[in-house]
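# Understanding the architecture of this molecule
Chain by chain, the residues:
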Amino acid sequence: MKHFLFQCWYFTCRYVLVFLPDKLFFQFTSWVTHVRLGFKFSFLNLANPQTFNEKLNYFKSLPLNEKHTMLADKVLVRDYINKTIGEEYLVPALGVYSTAEEINWDELPASFILKTNHGSGWNLICRDKLTFDKERAIKLFKRWLKYNAYYLSREKQYKNIKPLILCEQLLEYEIYDFKFFCFKGKPIFVQIDIDRFSNHKRIFFDMQWQKLPFSIRYEISDKTIDAPDQLEEMIAVATKLSSDLDFCRVDLYIHHNQVYFGEITLIPGGGNEPFNPQEFDKEIGKYFKIGK
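All of the points below concern the structure found in this document. (Residues numbered from 1 in each chain as written. Predicted model: local features only at pLDDT ≥ 70, side-chain atom pairs only at ≥ 80, totals over all residues. Heavy atoms only, no water.)

Moving on: the overall build of the chain. Of regular secondary structure, the chain possesses nine helices and 11 strands. Taken over C-alpha atoms, the radius of gyration comes to 19 Å for the chain, in line with the 19 Å a tight globule of 292 residues would show. When the backbone C-alpha atoms are referred to their principal axes, the chain occupies close to 55 × 50 × 35 Å. With 292 residues in all, the chain has 52% of them scored as buried. Taking as baseline every contact in the chain between residues at least 6 positions apart, the subset at least 24 positions apart corresponds to 60%. (Helix = DSSP H or I, 4+ residues; strand = E, 2+ residues; numbered from the N terminus. Rg over C-alpha atoms; globule rule 2.2 N^0.38 Å. Buried < 20%, exposed > 50% of the residue type's maximum accessible area, 1.4 Å probe, protein only. Contact = heavy atoms within 4.5 Å.)

Counting 49 residues, the largest nonpolar core has F52, F180, F183, F189, F214 and L241 as its most contacted members. The residues touching L241, leaving out its near neighbours within four places in the chain, are Y80, I81, T84, I85, V250, F261 and I264. If you look at the next biggest cluster of nonpolar residues, it comprises 34 residues, including C13, L17, A100 and F132. (Core = buried A, V, L, I, M, F, W, Y, C linked by side-chain atoms within 4.5 Å.)

Here the focus is the sheet that holds strand β4 (residues 165-168). Taken in spatial order, the four strands of this open sheet run β1-β4-β2-β3, and their pairing is antiparallel. Across the chains shown, the open sheet's two edge strands, defined by having one partner strand only, are β1 (93-97) and β3 (123-126). Taken over all neighbouring pairs, the strand axes of this sheet differ in orientation by 15° on average, direction set aside. Here four bridges tie strand β2 (residues 112-116) to β4, and the two strands are oriented antiparallel to one another. (Pairing = 2+ DSSP bridges. Axes fitted to C-alpha atoms, helices over the stretch in contact; angles between N-to-C directions.)

A few words now on the packing of aromatic side chains. Under the definition given, this model contains 36 aromatic pairs. Consider the rings of F181 and F247, whose centres lie 6.0 Å apart with planes at 45°: the pair is tilted. A residue pair is termed long-range when its members are at least 10 positions apart, and F181 in strand β5 (residues 177-183) and F247 in strand β9 (residues 247-255) qualify at 66 residues. The ring of Y151 is capped by R14, whose NZ or CZ atom sits 4.1 Å from the centre of that ring. In this structure, R154 is placed above the aromatic ring of F25, and the distance from its NZ or CZ to the ring centre is 4.1 Å. (Phe/Tyr/Trp six-rings, centres within 6.5 Å; stacked < 30°, edge-to-face > 60°. Lys NZ or Arg CZ within 6 Å of the ring centre and 35° of its normal.)

A word on the pattern of salt bridges. Taken as a whole and assessed by the stated rule, the structure comprises 15 salt bridges. The salt bridge involving K142 is made with E101; its shortest N-O contact spans 3.6 Å. Remark: E101 occurs in the loop between β1 and β2 and K142 occurs in helix α6 (residues 134-144); sequence separation between them is 41 residues. Taking relative accessible area as the criterion, K142 reaches 44% and is therefore assigned partly exposed. E101 sits in the partly exposed class, given a relative accessible area of 49%. Two residues, D193 and R202, come together in a salt bridge whose shortest N-O distance is 2.7 Å. The exposure classification of D193 matches that of R202, with both residues buried. Taken together, the salt bridges that share partners define one network made up of D177, K179, R249 and D251. (Salt bridge = Lys/Arg side-chain N within 4 Å of Asp/Glu carboxyl O.)

A few words on a nonpolar patch on the surface. A cluster of nonpolar side chains, M1, F4 and L5, forms an exposed patch at the surface whose accessible area comes to about 380 Å². Looking at where M1 falls in the secondary structure, it is placed in the segment before α1 (2-15). With relative accessibility at 73%, the residue M1 sits in the exposed group. (Patch = residues over 30% accessible without salt bridge, like charges linked within 9 Å, V, L, I, M, F, W, Y side chains within 5 Å. Areas by Shrake-Rupley, 256 points an atom, 1.4 Å probe, with all protein chains shown as cover.)

The structure is reproduced here in structure tokens:
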């Protein structure tokens, strides 16, 4: 059912809503998201954006920066990470494929992760190759490779990415994903997702590891998480990777005390995820200074 609903929404965005101008599309998709998640919707002020989400949507309306396409491409960005912070921060790649039929299952280890390079959420985790449903995986990736994530949120960086399948080594399951929100090359706060596959909640910390009184989309978790030993290293990595961007979110992992790069996200949640409480949307928006 989940895949069917997504197909219906993609078809609507790709072949119906495609005729809406950007500003109307942004208003409509923001309204849909807020209603679906049970939040109060307010019209986006795109003429004079003040909130974080307003500025993200305004940012989407700007002309494409070709570097942004490279950053959004999960295959091409690996070379950039290698040159910028070093190969040791990359999760080892096991293969890159143009089609699902190219995957040589015999050459892969017992566990791995398969993901597309051109969108979000189009991935499959294999914990045991002996029980992994390969036929289902092939069907899903054949479908996912046909999608263009641009039409879902009008994020221009996705539009020209050549769809590929990336296979990476599987790190420990449900390790924490540290998502650093960086403004003009300065990490301001970090998001950590809790119980993503059961009772999804989030915690936000500042760079002194003080818990912040808000969340985005999900409820605030009351779980206690100690500052990782690698916090200073992660802050340095996020600072370097975001140094020439007005805003980005740098996602990092820790596995066996080693910091690994996850991805660079330019528009978290497509610019539509509501804050909880909602007044923090404007407070965080103050950090977002969009350059010319």
